[in-house]
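Each chain is listed here by its residues.
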Amino acid sequence: MAVTVVTNANFESEVLAADKPVIVDFWASWCGPCKMLSPVVEEISNTEDSVKVCSVNVDDEMELAEKFGISSIPTLLVFKNGQLANQSVGVIGKDQILQLTK
Amino acid sequence: MIDIIIIGAGTAGLTAAIYARRAGRTAVIFEAHAYGGQIINTPEIENYPGIANISGFEFATALYNQATALGAEVKMERVVAVSDNGAAKLVRTDKGEYECKAVILATGAKNRPLGLENEKALVGKGVSYCATCDGMFFRKKTVAVAGGGNTAIEDAAFLSNYCEKVYVIHRRDAFRADAKEVDRLKGRENVEFVLNKNVTGLIEDNGRLCGVEVTDKFSGEKTVIDVAGLFVAIGQAPDNTPFANVAALDDGGYIKAAEDCKTGTDGVFTAGDCRTKTVRQLTTAASDGAVAALAACGYIDSL
Ligand SMILES: Cc1cc2nc3c(=O)[nH]c(=O)nc-3n(C[C@H](O)[C@H](O)[C@H](O)COP(=O)(O)OP(=O)(O)OC[C@H]3O[C@@H](n4cnc5c(N)ncnc54)[C@H](O)[C@@H]3O)c2cc1C
């Protein structure tokens, strides 16, 4: 599996309606720490079948960022059954990310 | 046994690894957060000799690639303790224990928090330590910057470009920052200086920051300023307390060591921003990395 790019238009179907926990990575190209976190998130998308991994480029999707009150990136949101279940700000390790989905 | 364990994969630690590997020593670096250290947030570095302009992320990645290509190993583990058993040092991390001949403490420094009760909980919910990273989320909103140094003044200038209003809250009425930059900032219509006041409280609404309480240094009077964001720029602070048993610390928590990068303990060296020094920059961090690594190699040769 790869990382699914999410927009305001497909957020509902890709994230809220997903049948497993979803990690959503809010990032931007000018954000150094985001570029460090993204490869870890991508690795999870390739190795963990039990979670779905999505990414939101905040420059393109300001509305989505605002909707979830994102005011610092990288931010990871975790959704379960259409509900926001967990979140984390800043660069964290793979183990910590997976912990958020537990 | 590993020859040299380096704690911290910032500029100092990665440079130390380059020198250690080129001297034929095995080197393992432990990093608690992300390789690259403090500089990864900085959009532009323009004072590193030989490189006119580079982003912090690119600089850190190039350094990381250089060190790992030479055979240095970077492990994403936080070091919690170092014990000195003479010729062998024991390094304990949050995942395991490792033995080595020499240790280099290159733990750097972190943004200094205000130390307020709900500060940690509000990070990413209105409290930030990096204006260039998070400023865009406060477009057309009212924010405050706490601090009076160059970073605070630069942050306020940057934020005033697209925030509705920027308060600069400073505990004194004089600034450590360049006078010219302060004057330029004073000329901006949407910037207001709040002087001789300390930020003493963070007011939240529904888990998000909605205001700051400031206390006047002289009268003790408390006032509340409504803001959606607070950018804390009151300097850096080290965290060397786990290593105080092998390296003496000064009053500020920095490791006491001179230009030779030696701590009081044989075989334990230090490099970069975590050491007592006057100039904390990439160049001085790189310089320390080289000095500490070669001193560690010399020490191992003498065993
Ligand atoms: C906003 C900003 C802008 C700057 N701009 C410039 C500039 O333009 N030019 C310039 O020359 N300098 C600049 N600096 C200063 C420069 O970033 C520092 O001098 C340099 O990063 C110091 O490197 P270091 O390796 O000593 O420490 P750091 O970069 O702080 O790296 C230390 C590393 O150690 C890790 N660590 C700490 N404790 C542990 C532990 N117990 N276990 C494992 N890992 C640990 C940390 O996570 C960190 O990654 C800037 C600093 C800031 C904050």
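What you see is a predicted model; the values in this text were computed from it and never measured. (Residues numbered from 1 in each chain as written. Chains lettered and ligands numbered in written order. Predicted model: local features only at pLDDT ≥ 70, side-chain atom pairs only at ≥ 80, totals over all residues. Heavy atoms only, no water.)

J.: Sorry, what's going on with the sheet that holds strand E11 (residues 191–195) of chain B here?
T.: The strands that make up a sheet pair up through hydrogen bonds in the backbone, lying either parallel or antiparallel. Residues and elements named next belong to chain B. On the basis of which strands lie adjacent, the open sheet formed by five strands has the order E8-E15-E9-E10-E11 and parallel pairing. Of all strands in the sheet, those bounded by a partner on one side alone are strand E8 (127–128) and E11. Examined bridge by bridge, E8 and strand E15 (residues 229–232) share two bridges and lie parallel to one another. Looking at E15, one finds that serine 128 is bridged to phenylalanine 231. Across the sheet, helix H4 (residues 150–160) touches strand E9 (142–146), strand E10 (165–170), E11 and E15, and the angle it forms with E9 is around 170°. (Pairing = 2+ DSSP bridges. Helix = DSSP H or I, 4+ residues; strand = E, 2+ residues; numbered from the N terminus. Contact = heavy atoms within 4.5 Å. Axes fitted to C-alpha atoms, helices over the stretch in contact; angles between N-to-C directions.)

J.: Whenever I open this one, the domain arrangement of chain B confuses me. Can you help?
T.: Its domain assignment divides chain B into domain 1 (2–110 + 236–302) and domain 2 (120–232). Between domain 1 of chain B and domain 2 of chain B, the C-alpha centre-to-centre distance is 33 Å. (Domains from an automatic or database assignment.)

J.: I would appreciate a short explanation of unusual backbone geometry in the present structure.
T.: If a residue is not glycine, its phi is most likely negative; likewise, a peptide bond is most likely trans. Following Ile73(A), the chain continues into Pro74(A) via a peptide bond in cis, with omega recorded as 0°. Structurally, Pro74(A) is set in the loop between helix H3 (62–67) and strand E4 (75–80). The backbone phi angle of Asn206(B) is positive, close to 60°, even though this residue is not glycine. By secondary structure assignment, the location of Asn206(B) is in the loop between strand E12 (197–205) and strand E13 (208–216). Overall, the relative accessible area of 78% leaves Asn206(B) in the exposed class. (Buried < 20%, exposed > 50% of the residue type's maximum accessible area, 1.4 Å probe, protein only.)

J.: Please explain the interface of chain B and chain A as it appears in this structure.
T.: It is common to give the size of an interface as the accessible area lost on bringing the parts into contact. Between chain B and chain A, the residue contacts involve 19 residues of the former and 18 residues of the latter. In this assembly, chain B packs against chain A so that about 1,500 Å² is buried in total across both faces, 67% of it on carbon and sulfur atoms. Per-residue buried area on chain B facing chain A is highest for Phe57(B), Met136(B) and Phe137(B); these three make up 38% of the total on that side. Two residues, Lys95(B) and Asp95(A), come together in a salt bridge whose shortest N-O distance is 3.8 Å. Our count for the chain B to chain A interface comes out at six residue pairs in polar contact (both at pLDDT 80 or more). (Buried area = accessible area lost by both parts, 1.4 Å probe. Salt bridge = Lys/Arg side-chain N within 4 Å of Asp/Glu carboxyl O. Polar contact = N/O pair within 3.5 Å; in protein donor to acceptor, adjacent residues only side chain to side chain.)

J.: What is the right way to look at the pairing of E12(B) in this model?
T.: Regular strands show a simple pattern: their side chains alternate between the two faces of the sheet. Note: E12(B) against E13(B), eight bridges, orientation antiparallel. Among the inter-strand pairings, Glu204(B) is bridged to a residue of E13(B), identified as Leu209(B).

J.: So what exactly am I meant to see when it comes to the side chain of Asp155(B) here?
T.: Residue and element names in this part refer to chain B. Mapped onto the secondary structure, aspartate 155 falls in helix H4. Buried charge without a partner: aspartate 155 forms no salt bridge, and the closest opposite charge is arginine 176, 12 Å away. Setting aside chain neighbours within four positions, we find aspartate 155 in contact with Ala131, Val145 and Ala233. (Lys, Arg positive; Asp, Glu negative; His and termini not counted.)

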